[in-house]
Amino acid sequence: SSARELGWFRFVGQLLGLALRQKETQLPLNLPSLVWKQLVSQPLDESDLRGTDELCWQSLQKLRTIDQEGVDAALFGDVIFETFQAQLSDGSEVELLPGGRHSRVTFESRHDYCDAVLAARLRESRQQCDALLQGISLVLPQRLLSLFTWEQLERLACGSADVSVEVLRGRTKYGVGVSSVQRHVRYFWAALRGFTPEQRSAFLRFVWGRSRLPISAAEWGDTRFTLHTKQSPRPDALFPVAHTCFFSLELPAYTSAAICRERLLYAITHCLAIDIDTTTGARENRQLTAWSSSEDEEEEPGAPPSPTARR
């Protein structure tokens, strides 16, 4: 909350403002609903605390319903030793009422304590969110934000947090000799559907250098994801190769769904570097992309790139 740190928040607010004004700009931010709701003046509730501190939320829930576990007023003091103070996300502690650090929580006052902790945790980021709003207001009128729900604002600024497999599949074209019915291609789509949202975002970064898909057809334009088959007599020994600048992937013809999932997960988790586009593999990929756009062209042989490279 120093002046310097609040300046950083104002700068991020300016970036958010630019993302809201320019449809081609999306920020790879994963902010909790606690932040977005404050930007659009939407009331906060327990779900917002759960989205930022699951353990704290669970503790409050257990304390509220502790009577259902057989703990009554006589036993409460033997198992609960809390006082009316709360620990914030930065580790600091605040009193929830005057002299709260010396005021024990009782069976009768436990609900008041839970309500006070919830309120303290939900308002602790108010200063930082105000700084974000100051930055946004330098780019567009702040009053416009109230026209949106927090979900709409997040989507406009950052796109969808989850990568839709069906949307990606609808924007996919296949290289020479590749079709959607081939066994290893079916394994590929099944693996993506089985990934967590975080893993799908990691996959998109692996093949495209961004973590979220465009939010509209206009933003997609003519862009397509291209899937090629990486030829090899021993496909299960290879990893997929991404060509990030071309939004394409060379997928070995894996012999099982389990191997396909394992190789994909390893690649998107461990391969973070991007090679330059003047490599032999990148030149081959440009040729593959050109060939895949014309059915009249015949595929030419070429040396395969490194099995774990990302270009």
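Everything quoted here is computed from the prediction, not taken from an experiment.

Conventions and cut-offs
Residues numbered from 1 in each chain as written. Predicted model: local features only at pLDDT ≥ 70, side-chain atom pairs only at ≥ 80, totals over all residues. Heavy atoms only, no water. Buried < 20%, exposed > 50% of the residue type's maximum accessible area, 1.4 Å probe, protein only. Helix = DSSP H or I, 4+ residues; strand = E, 2+ residues; numbered from the N terminus. Pairing = 2+ DSSP bridges. Axes fitted to C-alpha atoms, helices over the stretch in contact; angles between N-to-C directions. Parallel < 35°, antiparallel > 145°, perpendicular 65-115°, else oblique. Left-handed = near helix turned anticlockwise from the far one by under 90°. Contact = heavy atoms within 4.5 Å. Nonpolar A, V, L, I, M, F, W, Y, C, P; charged D, E, K, R; others polar. Core = buried A, V, L, I, M, F, W, Y, C linked by side-chain atoms within 4.5 Å. Arc of directions from axis to C-beta. 1 Å grid on protein atoms, 1.4 Å probe; cavity = no way out; pocket = protein on both sides within 12 Å on 5 of 7 lines; lining within 4 Å. Points joined across faces, edges and corners; volume = space filled by probe spheres on them. Patch = residues over 30% accessible without salt bridge, like charges linked within 9 Å, V, L, I, M, F, W, Y side chains within 5 Å. Areas by Shrake-Rupley, 256 points an atom, 1.4 Å probe, with all protein chains shown as cover. Salt bridge = Lys/Arg side-chain N within 4 Å of Asp/Glu carboxyl O. Phe/Tyr/Trp six-rings, centres within 6.5 Å; stacked < 30°, edge-to-face > 60°.

### Describing the pairing of strand 6 (residues 248–252)
- Taken across its 5 residues, strand 6 has 5 buried, putting it largely inside the fold.
- The pairing of strand 4 (residues 225–230) with strand 6 spans 5 bridges and is classified as parallel. Within strand 6, the position partnered with Leu227 by the bridge is Leu249.
- In this sheet, strand 6 lies alongside strand 5 (residues 241–243) in antiparallel orientation, the contact comprising 3 bridges.

### A few points about the packing of helix 4 (residues 54–64) against helix 6 (residues 110–123)
- Helix 6 packs onto helix 4 with a crossing angle of 165° between their chain directions and a minimal axis gap of 9 Å. Taken together, the axes of helix 4 and helix 6 are roughly antiparallel relative to one another. Handedness of the helix 4/helix 6 crossing: left-handed. Together, Cys56, Leu60, Leu63 and Arg64 of helix 4 and Arg110, His111, Tyr113, Cys114, Asp115, Val117, Leu118 and Arg121 of helix 6 make up the contact between the two elements.
- Broken down by class, the residue content of the contact of helix 4 with helix 6 amounts to 7 nonpolar, 1 polar and 4 charged.

### Observations regarding the nonpolar core
- One finds Phe188, Phe203, Val207, Phe225 and Leu249 to be the most contacted residues of the largest nonpolar core, which totals 33 residues.
- Counting only elements with at least two residues in this core, the list comes to helix 9 (165–170), helix 10 (183–194), helix 11 (197–208), strand 4, strand 6 and helix 13 (257–270).
- In this structure, Phe188 is in contact with Phe203, Phe225, Leu227, Leu249, Leu251, Cys260 and Leu264, ignoring residues within four places of it in sequence.

### Concerning helix 4
- Listed in full, the buried residues belonging to helix 4 are Cys56, Trp57, Leu60, Leu63 and Arg64. For helix 4, the arc enclosing every buried residue in end-on projection is 130°, short of the 170-degree limit, so these residues lie on one face. Those residues of helix 4 that are exposed and angled more than 90 degrees off the buried face are Leu55 and Lys62.
- Those residues of helix 4 hidden inside the fold are in contact with helix 3 (46–52), helix 5 (73–79) and helix 6.

### Observations regarding unusual backbone geometry
- Positive phi, close to 60°, is recorded for Ser41, a residue that is not glycine.
- Examined against the element boundaries, Ser41 turns out to sit in the loop between helix 2 (33–39) and helix 3.
- Classification of Ser41 as exposed rests on a relative accessible area of 66%.
- At Phe247, a residue that is not glycine, the phi angle is positive and equals roughly 50°.
- Its relative accessible area of 2% is what places Phe247 among the buried residues.

### Here we look at the layout of surface pockets
- Of the volumes computed, that of the largest pocket is approximately 480 Å³.
- In this structure, the largest pocket is lined by 21 residues; those nearest its centre are Phe9, Ser89, Glu124, Ser125 and Gln128.
- Of all the elements in the fold, those that place two or more residues in the lining of the largest pocket are helix 1 (3–21), helix 2, helix 3 and helix 7 (126–137).
- It is helix 7 that contributes the most residues to the lining of the largest pocket, 4 residues altogether.
- Each residue belonging to the lining of the largest pocket can be placed in one class, and the counts come to 11 nonpolar, 6 polar and 4 charged.
- When its volume is computed, the second largest pocket comes out at roughly 390 Å³.

### Focus: the sheet that holds strand 3 (residues 172–174)
- In spatial order, the strands read 3-4-6-5; together these 4 strands make up an open sheet with mixed pairing. Whereas interior strands pair on both sides, the edge strands pair on one side only; in this sheet they are strand 3 and strand 5. With strand direction ignored, the average angle separating the axes of adjacent strands in the sheet is 25°.
- Where strand 3 and strand 4 come together, 3 bridges link them in parallel fashion. For Lys173, the partnering residue across the bridge sits in strand 4 and is Thr226.
- Sheet strands touched by helix 11: strand 4, strand 5 and strand 6. Its angle to strand 6, the strand with the most contacts, is close to 105°.

### What about a nonpolar patch on the surface?
- Taken together, the side chains of Leu144, Leu147, Phe148 and Leu156 present a nonpolar region at the surface, about 340 Å² in accessible area.
- Secondary-structure assignment places Leu147 in the loop between helix 7 and helix 8 (150–158).

### A short note on the packing of aromatic side chains
- Scanning the entire structure with this criterion turns up 11 aromatic pairs.
- Where Phe76 meets Phe107, the ring centres are 6.0 Å apart and the plane angle is 80°; that geometry is what we call edge-to-face. With Phe76 in helix 5 and Phe107 in the loop between strand 2 (93–95) and helix 6, this pair connects stretches of sequence that are 31 residues apart. The pair Phe76 / Phe107 is uniform in exposure class, with both members buried.

Read these as geometric descriptors, not functional statements.
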